[in-house]
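Here is how the chains run, residue by residue.
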Amino acid sequence: MINIKPTIFNALCTVLCKDKVSNKYPASWESFPLIQYQEEENKLSIKTDNKEQITYVRYKIDIWNKGTTSVLSSSIDDIFSGFGFKRIQCIDMDDPSGLNHKIIRYEAYIAYNNEKYYVYN
């Protein structure tokens, strides 16, 4: 299985400090903004020579903030598009808490060869 979660986490930490980025539902609602990332899908796409060569991945990003989510969503989009991911959804959610909540989804195919990742869509 090709795993790029550490790469995604480290990239998101360039936008917000590490304690505000998590792959779990936010544990603390005291300090905003917050980013949650989830790998929604990671499936084998192509296998040759008994080895996984290409993997399809889809990521979901949730942003919560008391104010606008636009600046963060733009920075996150720059990160994912810089990696070669395709944005497949970006929506503002009506959140009962009154917070601004945006959900963004990205997908890509990832090849791993010679200890390097190659992302394309």
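Above: the structure in question.
Residue positions are given per chain, counted from 1 along the sequence in the order it is written. Thresholds applied to this predicted model are a pLDDT of at least 70 for local features of residues and 80 or more for the giving and counting of side-chain atom pairs; totals over whole chains, interfaces and linings are not thresholded and use all residues. Processing note: side-chain calculations cover all non-hydrogen atoms of the structure and skip hydrogens and water entirely.

**Q** I'd love a proper account of the nonpolar core, names of residues and values included.
**A** We define the nonpolar core as a collection of buried residues of types Ala, Val, Leu, Ile, Met, Phe, Trp, Tyr and Cys that are connected through side-chain atoms lying within 4.5 Å of one another. Whether a residue is buried, partly exposed or exposed follows from its accessible area with a 1.4 Å probe, protein chains only, as a fraction of its type maximum: under 20%, in between, or over 50%, in that order. Judged by nonpolar contacts, the single largest core of 23 residues is most densely connected at L12, I61, F80 and F85. Numbering goes from the N terminus for both helices and strands, where a helix is a DSSP run of H or I of at least four residues and a strand is a run of E of at least two. For this core, the secondary-structure elements that each account for two or more residues are helix 1 (5–12), strand 2 (34–48), strand 3 (51–65), helix 2 (70–83) and strand 5 (100–113). By the convention used here, residues are in contact when the closest approach between their heavy atoms is within 4.5 Å. Among all residues touching F80, those that are not within four sequence positions of it are I8, L12, Y59, I61, F85 and Y106.

**Q** Describe helix 2, with residues and values.
**A** Compared with the 20 Å implied by 1.5 Å per residue over 14 residues, the 20 Å span of helix 2 between its first and last C-alpha is a close match. Within helix 2, the full set of buried residues consists of L72, S73, I76, D77, I79 and F80. Take helix 2 and look down its axis: the buried residues cluster within an arc of 160 degrees, on one side only. Counted as exposed and oriented over 90 degrees from the buried face of helix 2: V71, D78 and G82. Just past helix 2, the residue G84 takes up positive phi, approximately 105 degrees. How far a helix is expected to stretch is found by multiplying one less than its residue total by 1.5 Å. Throughout, the arc means the angular range of directions from the helix axis out to the C-beta atoms.

**Q** Got a sec to walk through the side chain of T55? Specific residues and values, please.
**A** Mapping T55 onto the fold places it in strand 3. Residue class for T55 comes out buried when judged on its relative accessible area of 0%. When neighbours within four sequence positions are excluded, T55 is seen to be in contact with I2, N42, K43, S45, A108, Y109 and I110.

**Q** How would you summarise the environment of K24 if you had to cite specific residues and measurements?
**A** Relative to the helices and strands, K24 resides in the loop between strand 1 (21–22) and strand 2. Sequence-wise, K24 and Q36 are twelve residues apart; in three dimensions their C-alpha atoms are separated by 6.3 Å.

**Q** Got a sec to walk through the packing of aromatic side chains? Specific residues and values, please.
**A** Stacked, edge-to-face and tilted are the three classes for Phe, Tyr and Trp ring pairs, Trp counted by its six-membered ring, which pair at centre distances within 6.5 Å; planes under 30 degrees apart are stacked, over 60 edge-to-face, the rest tilted. With the rule as written, the count across this model stands at ten aromatic pairs. Seen in terms of ring centroids, F80 and F85 are 5.2 Å apart; in terms of plane orientation they differ by 85 degrees. Their pairing is edge-to-face. No difference in accessibility class separates F80 from F85, as the two residues are buried. Within the aromatic cluster, the residues linked to one another by ring pairs are Y25, W29, F32 and W64.

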